[in-house]
Amino acid sequence: MMIAPMNVSIFQGSRCRINTLAHLWSGNLHSWTRRYSTTSKLHDSKIPGIDGGNTKKWTRRPITTKTEGSIETPQRSKPSSIRHEVLDETVSASSTLNIGKTEITQFQKLQYCDVQRESYEKLASLLTIIVFDIETTGFSRESERIIEIALQVLRGGKNSTFQTLVNPNKSVENERIHGIKTNMVNRPDVPRMKDLIPILLQYVSSHQIPGGKVLLVAHNARTFDVPFLISEFSRSSIEIPSDWLFVDTLPLARELVKMEGSTLLKAKLEHLIDHYEIIREGDAHRAMSDVKGLALIFQRLTFDLKLSVLDILEKSFSASDLINQKKKKSSG
DNA sequence: GGCCCTCTTTAGGGCCTT
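Criteria and cut-off values
- Residues numbered from 1 in each chain as written.
- Chains lettered and ligands numbered in written order.
- Predicted model: local features only at pLDDT ≥ 70, side-chain atom pairs only at ≥ 80, totals over all residues.
- Heavy atoms only, no water.
- Near = heavy atom within 4 Å.
- Polar contact = N/O pair within 3.5 Å; in protein donor to acceptor, adjacent residues only side chain to side chain.
- Helix = DSSP H or I, 4+ residues; strand = E, 2+ residues; numbered from the N terminus.
- Pairing = 2+ DSSP bridges.
- Contact = heavy atoms within 4.5 Å.
- Axes fitted to C-alpha atoms, helices over the stretch in contact; angles between N-to-C directions.
- Buried < 20%, exposed > 50% of the residue type's maximum accessible area, 1.4 Å probe, protein only.
- Right-handed = clockwise from strand over helix to strand, strands pointing away.
- Parallel < 35°, antiparallel > 145°, perpendicular 65-115°, else oblique.
- Left-handed = near helix turned anticlockwise from the far one by under 90°.
- Nonpolar A, V, L, I, M, F, W, Y, C, P; charged D, E, K, R; others polar.

## Here's the deal with the protein's contact with DNA strand B
The environment of DNA strand B is formed by 26 residues, the closest being E135, N220, K258, A267 and L269. Close to the protein, within 4 Å, the atoms of DNA strand B belong to sugar or phosphate groups at a rate of 64%. T136 has a polar backbone atom sitting 2.8 Å from a sugar or linking oxygen of DNA strand B. One of the backbone nitrogen or oxygen atoms of A267 is found 2.6 Å away from a phosphate oxygen of DNA strand B. Among the secondary structure elements, those contributing two or more residues to the surface near DNA strand B are β5 (127–136), α5 (175–178), α8 (221–235), α9 (249–258) and α13 (319–331).

Structure below.
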């Protein structure tokens, strides 16, 4: 963990800057720590899975989810009972919040940072970061539909990943992109979006820290994933919770492309995966494969760009931000 | 469709998502 003073912030005047978000999660850390042990903090992490430690345990099981009375949002829905897949990934989070004694001592010497550190730690401790991705039948959020969605909670722990196919109630014409065929999703046992939304809300809520916010991360989130979610939620007459914030990794990748000395030429997800030498788990353009890749990319990007949690929050936006932005443009 | 860049801003084209 690197700590250095910083002078500018829209949140508060001066503050401490913590140049990595890695301490907020553990689920993926081991995957790139092996390749990118460039910091002593990461090098010293005792993470299950490294060097013959515990390995990730994956089990696939059908579940029945009941949402009645369990969603803390105003948009309560009828109880639903849908079979879908949850991939259990058991990953210890114990290493991520540990700070070495030396680091604490050095930190404590920065007297002027104490108040800011307290605020930072409070903010960080209340934040749940979730990487997500959707596959769709095309680019238009008006005429096309979501056919797959995947999420990964970066903090790790039980049920840290979620994925499901979605019944679009229309044919899939772009199978060549993701390999998802019409007969894979147009089935009665595949949930439609209106059935899935209450489950999604419950899943996110179950990982949300009381009083905290959720930070949902996606590549090209601002102009693709989030507008698609807004449209799908709207069709189901459900609002996206106001405590969901979104971060788009595309502008972050573009910052890295522009950075002096950077070898990243394009901001596409595939270029980022190549750039960081990430080994894919599964096929490209399948939601969970892209989520797992992006989870690693997000960690590397925030490290390379020296972004703290506050920096990321400054770049975040809400669903209502996009809706209001669109209304302004329409009226203007 | 929004963002970004430039041979620009009274515009146009490329990128990025499926």
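## Some words on the sheet that holds strand β10 (residues 317–318)
Taken in spatial order, the 6 strands line up as β7-β6-β5-β8-β9-β10 in an open sheet, and their pairing is mixed. Every other strand in the sheet has two partners, leaving β7 (161–165) and β10 as the edge strands with one partner each. Against the sheet, helix α7 (residues 193–207) makes contact with β5, β6 (146–153), β7, β8 (213–218) and β9 (244–248), and its axis sits at roughly 5° relative to β6, the strand it touches most. Sitting on the sheet, α9 is in contact with β8 and β9, with an inclination near 30° to β9.

## Comments concerning the pairing of β9
Buried residues dominate β9, accounting for 5 of its 5 residues. Of the two faces of β9, the one holding W244, F246 and D248 and the one holding L245 and V247 are both buried throughout. With 5 bridges connecting them, β8 and β9 associate as parallel partners. Paired with V217 across the strands is V247, a residue of β9. Handedness of the β8-α8-β9 crossover: right-handed.

## Brief notes about the packing of α9 against helix α11 (residues 287–304)
Across the interface, α9 lies against α11 with an axial gap of 10 Å and an inter-helix angle of 50°. Classified by the angle between their axes, α9 and α11 sit oblique to one another. In this structure, the crossing between α9 and α11 has a hand that is left-handed. Seen from α9, the contacting residues are T249, L252, A253 and L256; seen from α11, they are L294, F298, L301 and D304. By residue class, the composition of the contact of α9 with α11 is 6 nonpolar, 1 polar and 1 charged.

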